[in-house]
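Residue-level structure breakdown
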Amino acid sequence: MEHASGGEPAGSAGDAAEVLDRPLPEGVRHKVVALVSDAFGGLTVAELPSQLRQYARFTPSRRAKFAGNAMAAALEGDTLFRQRIGERLREAQPELARALEAGSPPAAADPVDVAAAAYVLRPVGWVKLVAAAGEEALRADAERADEAAQRELERLREELAHAREQTKSETERLRAELEAARKEADVLGRKLRSALSDVKRGEAALRRTNAETETVRTDAATRVTAAESEARRLRARLGEAEASVEASRRAVREGRSIEDMRVRLLLDTVLDAAQGLRRELALPPASVHPADTVDAVEPGRMTPKDIAARALSETDPALLDQLLELPQCHLVVDGYNVTKTGYPQMPLDKQRLRLLGGLSMLAAQTGAEVTCVFDGAELVAPVLLAPPRGVRVLFSKPGVTADELIRQLVRAEPPGRPVVVASTDREVADGVAKSGARPVASALLLKRLSRV
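To keep things clear, this report deals only with the structure shown in the data block. (Residues numbered from 1 in each chain as written. Predicted model: local features only at pLDDT ≥ 70, side-chain atom pairs only at ≥ 80, totals over all residues. Heavy atoms only, no water.)

**Description of the packing of helix α5 (residues 79-92) against helix α6 (residues 94-101)**
Threshold: A fitted line through C-alpha atoms serves as each axis, taken over the contacting stretch for helices, and the angle formed by two N-to-C directions is quoted from 0 to 180°. The helix count covers DSSP runs of H or I at least four residues long, the strand count covers runs of E at least two residues long, and both are numbered beginning at the N terminus. The contact definition used throughout considers only heavy atoms, calling two residues in contact when any of these lie within 4.5 Å. Only Asp, Glu, Lys and Arg are considered charged in this grouping, and only Ala, Val, Leu, Ile, Met, Phe, Trp, Tyr, Cys and Pro are considered nonpolar; every other residue, Gly among them, is considered polar.
Interhelical geometry of α5 versus α6 gives an angle of 115° and a closest axis separation of 5 Å. Contacts between α5 and α6 involve L89, R90, E91 and A92 from the first element and P94, A97 and E101 from the second. Partitioned by chemical class, the residues of the contact of α5 with α6 number four nonpolar, no polar and three charged.

In structure tokens:
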């Protein structure tokens, strides 16, 4: 308290004698607000001016942010509040405070810090310190602004040089493109003139062709007229020739009547002699005639082609029934072709079992020989399968397709035996048909099996 009472008259005298004639420099003002905010927390609520008590619980940074103007106003207008802040400043920075009160601020100290402390403590000559700090701050700001201006100028110079370089390169590129465009235009112009010349030559050739065509058309019309006249003349001569031939035939018939009578008498003599010779030799009547040596189907025996001659639809199951009724008929089935036509969504083993079950019942009903052929290439392992009664089950060997195995079965049958092959494969159907078998569609067999 003794220190405070001793410094108060000097401060009061300084306040009375020295007054700022301009606002605080901005840097000094921010520093003063920071000093007040830091010292703010060391005061009780009662020691604070009324307008600052609401900021008592704020942190120093928040007080500086939200109560900066209020603290600056209180520091300027409330002498007691300023003295209390000064006391806190003397406690926080005693060396700086003593140097200011002694009138010799530290030479190495920041002018802004010195000016802010002088503004709070108000020693003799504090206005000069504040003004000097402001000038120093202005000089520093000017120097920084000058440096910034220099940097900006340097940057603008670099940008200008870069822009000039880009403009130069862009100009050169555009000139090159313009030159290329001119050359391309020249080439296109030459091509256009050549195309126009070709068009003119083509038009001239077309006119010549049209003239030649017209000449050919006129010549052809003249020749057609001459040919028609010649045809009419030849038809007239043909009629005359036909009349002459008919007259000649009548004359020949009338002149040959005597010769025909002599030939008839000679023929009767030869026949009578032949009959006498047969009686003399006691020859029996002929039992074999030439017609008996011709290989054909006897009455009551029908072939698959005879069945095809009947007016039945290729999808009518009755057609398959009639084929299987032929004596010793052999039905050969392309297994996977039939199953993948009827029920392709099932696994292969299920397809085989379903088809073989239906074929077994069909064989029992018709008495026909039934052989079902599967492609061995579809197998991933040997098939453990007991063939059903009446059905022969065959798998093609490695390297042999089911189609080739079916053709081998058909070729193995003797000529004349009725063989029916169930397959939708066009190549299989055409091949077995050449060997004498009757192909039927897989759908036809599936329809017949659905009735089993």
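**Comments concerning the nonpolar core**
The cut-off we apply is this: Joining through side-chain atoms within 4.5 Å is the link that ties buried Ala, Val, Leu, Ile, Met, Phe, Trp, Tyr and Cys residues into a set, and such a set is a nonpolar core. For the exposure calls, accessible area comes from a 1.4 Å probe over protein chains only, and a residue counts as buried if that area is under 20% of its type's maximum, exposed if over 50%, partly exposed in between.
Core analysis: the largest hydrophobic core is formed by 35 residues, its most contacted members being V32, L75, F81, I85 and L100. The biggest single contributor to this core is helix α7 (residues 111-121), with nine residues. Residues in contact with I85, not counting those within four places in the same chain, are V36, A39, L43, L75 and V120.

**Here's the deal with the pairing of strand β4 (residues 419-422)**
Just so we agree on the cut-off: The criterion for strand pairing is that DSSP finds at least two bridges linking the strands in question. Orienting the strands away from the viewer, one traces the path from the first strand over the helix to the second; a clockwise path indicates a right-handed crossover.
Alternating positions in β4 separate into two faces, V419 and V421 on one and V420 and A422 on the other, with burial throughout. Bridge count between strand β1 (residues 330-334) and β4: four bridges; the pairing is parallel. Paired with V332 across the bridge in β4 is V421. As paired elements, β4 and strand β5 (residues 438-440) share three bridges and run parallel to each other. Paired with V420 across the strands is R438, a residue of β5. Handedness of the crossover joining β4 and β5 through helix α15 (residues 426-434) is recorded here as right-handed.

**Considerations on the packing of aromatic side chains**
Remark: the centre distance and the inter-plane angle together describe each pair of aromatic rings, the angle taken between the planes. The test is simple: A pair of Phe, Tyr and Trp rings is counted when the ring centres sit within 6.5 Å of each other, with Trp represented by its six-membered ring. The angle between the planes then sorts it: under 30 degrees is stacked, over 60 is edge-to-face, the rest tilted. Two thresholds decide whether a charge sits over a ring: the Lys NZ or Arg CZ must be within 6 Å of the ring centre and within 35 degrees of the ring normal.
If you walk through the whole model with that rule in mind, you get two aromatic pairs. Put simply, the rings of Y336, F374 and F395 touch in pairs and so form one group of aromatic residues. Looking at R62, its charged tip hangs above the ring of F58, at a distance of 4.4 Å from the centre. It is K340 that lies over the ring of Y336; its NZ or CZ is 5.6 Å from the centre.

**Considering the environment of R354**
Among the secondary structure elements, R354 is positioned in helix α13 (residues 348-366). Residue classification places R354 among the partly exposed positions, given a relative accessible area of 48%. Separated by 15 residues in sequence, R354 and T339 have C-alpha atoms that sit 8.5 Å apart. With residues near it in sequence (within four places) discarded, R354 still touches Y343 and M346.

**Brief notes about the environment of L24**
Note that L24 resides in the loop between α1 (2-17) and α2 (26-40). For the pair L24 and A131, spaced 107 residues apart in sequence, the C-alpha to C-alpha distance is 8.3 Å. For L24, the residues in contact, after removing those within four places along its chain, are R29, Y119 and V130.

**What about the sheet that holds strand β3 (residues 391-395)?**
Judged by pairing direction, the sheet is parallel, and its five strands sit side by side in the order β3-β2-β1-β4-β5 without closing on themselves. At either end of the open sheet lies a strand with only one pairing partner, and these are β3 and β5. Averaged over all pairs of adjacent strands, the angle between strand axes in this sheet comes to 20°, irrespective of strand direction. Relative to strand β2 (residues 369-374), β1 is paired through five bridges, and the arrangement is parallel. Bridge pairing links L331 to V370 in β2. Seen against the sheet, helix α11 (residues 317-324) touches β1, β4 and β5 and runs at an angle of roughly 150° to β5. Strand contacts of α13: β1, β2 and β3, with the helix running at about 165° to β2, the strand carrying the most contacts.

That is the geometry; function is a separate question.
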